[in-house]
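# Coordinate inspection notes
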Amino acid sequence: MKSMKRLSIMKAISTALVLFVIAFVAANPLFAGETKSVTLKVEGMTCTLCPKMVKKALSGIEGVKAVQVSFEKKEAFVEYDEGKTNVQEMIKVVDGAGYKASVSTGGKAR
Ligand SMILES: [Cu+2]
């Protein structure tokens, strides 16, 4: 059954090719992760200067593209590259700046 053998070789080659393309895409910064957004609940903001501090802290994370902090809502809306950063890192950074962040269940966080 020569044709059967050829078929399995073809299958192996195509599988290897697919894996190669996936590895290439994943390693290439041009194909970095999708832009995602999250709304964080930020506790501990006591004056109008606080949102600026939170924004500055979040903006310093590599992969964060946009930050909007609302003092009134006690929230931070962050757009980020999911290939470079994640929500856990944002929470860590905000906590490090002296505030308490958590994922807002009311927002479109995921
Ligand atoms: Cu303040």
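What comes next is a walk through the structure. Only a predicted model underlies this, so the values are computations on that prediction, with no experimental measurement involved.

### Section: the overall build of the protein
What the protein contains, in helices and strands, is three helices and four strands. The secondary structure elements of the protein, listed N-terminal to C-terminal, are α-β-α-β-β-α-β. Across the 110 residues that make up the protein, the buried fraction comes to 17%.

### Describing the nonpolar core
Counting residues in each nonpolar core, the largest one holds 16 residues, and the members touching the most others are Leu40, Val42, Val54, Leu58, Ala76, Val78 and Val94. Of all the elements in the fold, those that place two or more residues in this core are β1 (35-43), α2 (50-59), β2 (64-70), β3 (75-81) and α3 (87-96). Residues within four places of Ala76 in sequence aside, it is in contact with Leu40, Val42, Val54, Leu58, Val67 and Val69.

### Quick word on the sheet that holds β3
Spatial ordering of the open sheet is given by β2-β3-β1-β4, a layout of four strands whose pairing is antiparallel. Edge positions in the sheet fall to β2 and β4 (100-103), since each of these pairs with one other strand and no more. Taken pair by pair, the neighbouring strands of this sheet meet at an average axis angle of 25°, ignoring direction. Bridging between β1 and β3 involves seven bridges; their strand directions are antiparallel.

### A few points about the packing of α2 against α3
Remark: α2 packs on α3, axes separated minimally by 9 Å, with the N-to-C direction vectors making an angle of 135°. Between α2 and α3, the angle falls in the class oblique. As for how α2 packs across α3, the hand of that crossing is right-handed. Across from Val54, Ala57 and Leu58 in α2, the residues of α3 making contact are Met90, Val93 and Val94. Across the contact of α2 with α3, the residue classes tally to six nonpolar, no polar and no charged.

### As for unusual backbone geometry
One can expect most non-glycine residues to show negative phi and most peptide bonds to be in trans. One non-glycine residue, Lys74, lies in the positive phi region at around 60°. C-beta crowding within 10 Å serves as the criterion here: with 18 such atoms nearby, Lys74 is assigned to the partly exposed category.

Calculation criteria
Residue positions within a chain follow its written sequence, with the count starting from 1. Side-chain atom pairs in this predicted model are given and counted only at pLDDT of 80 or more, local residue features only at pLDDT of at least 70, and totals for whole chains, interfaces and linings cover all residues. Strands here are runs of E lasting at least two residues and helices are runs of H or I lasting at least four, both read from the DSSP assignment and numbered beginning at the N terminus. Exposure classes come from backbone-placed C-beta atoms, where a residue is buried if 20 or more other C-beta atoms lie within 10 Å of its own, exposed if 12 or fewer do, and partly exposed in between. Linking buried Ala, Val, Leu, Ile, Met, Phe, Trp, Tyr and Cys residues through C-beta atoms within 7 Å yields a set, and such a set is a nonpolar core. Distance between backbone-placed C-beta atoms decides contact: two residues are in contact if it is within 7 Å. Only when DSSP finds a minimum of two bridges between them are two strands counted as paired. Every axis corresponds to a line fitted to the C-alpha atoms, with the helix fit spanning only the stretch in contact, and the corresponding angles, defined between N-to-C directions, vary from 0 to 180 degrees. Just so you know how the angles are binned, under 35 degrees is roughly parallel, over 145 roughly antiparallel, 65 to 115 roughly perpendicular, and the rest oblique. Helix crossings are classified by the rotation of the near helix relative to the far one: an anticlockwise turn of less than a right angle makes the crossing left-handed, while a clockwise turn makes it right-handed. Amino acid classes used here: Ala, Val, Leu, Ile, Met, Phe, Trp, Tyr, Cys and Pro are nonpolar; Asp, Glu, Lys and Arg are charged; the rest, including Gly, are polar.

By themselves, these are just geometric observations and shouldn't be taken as functional.
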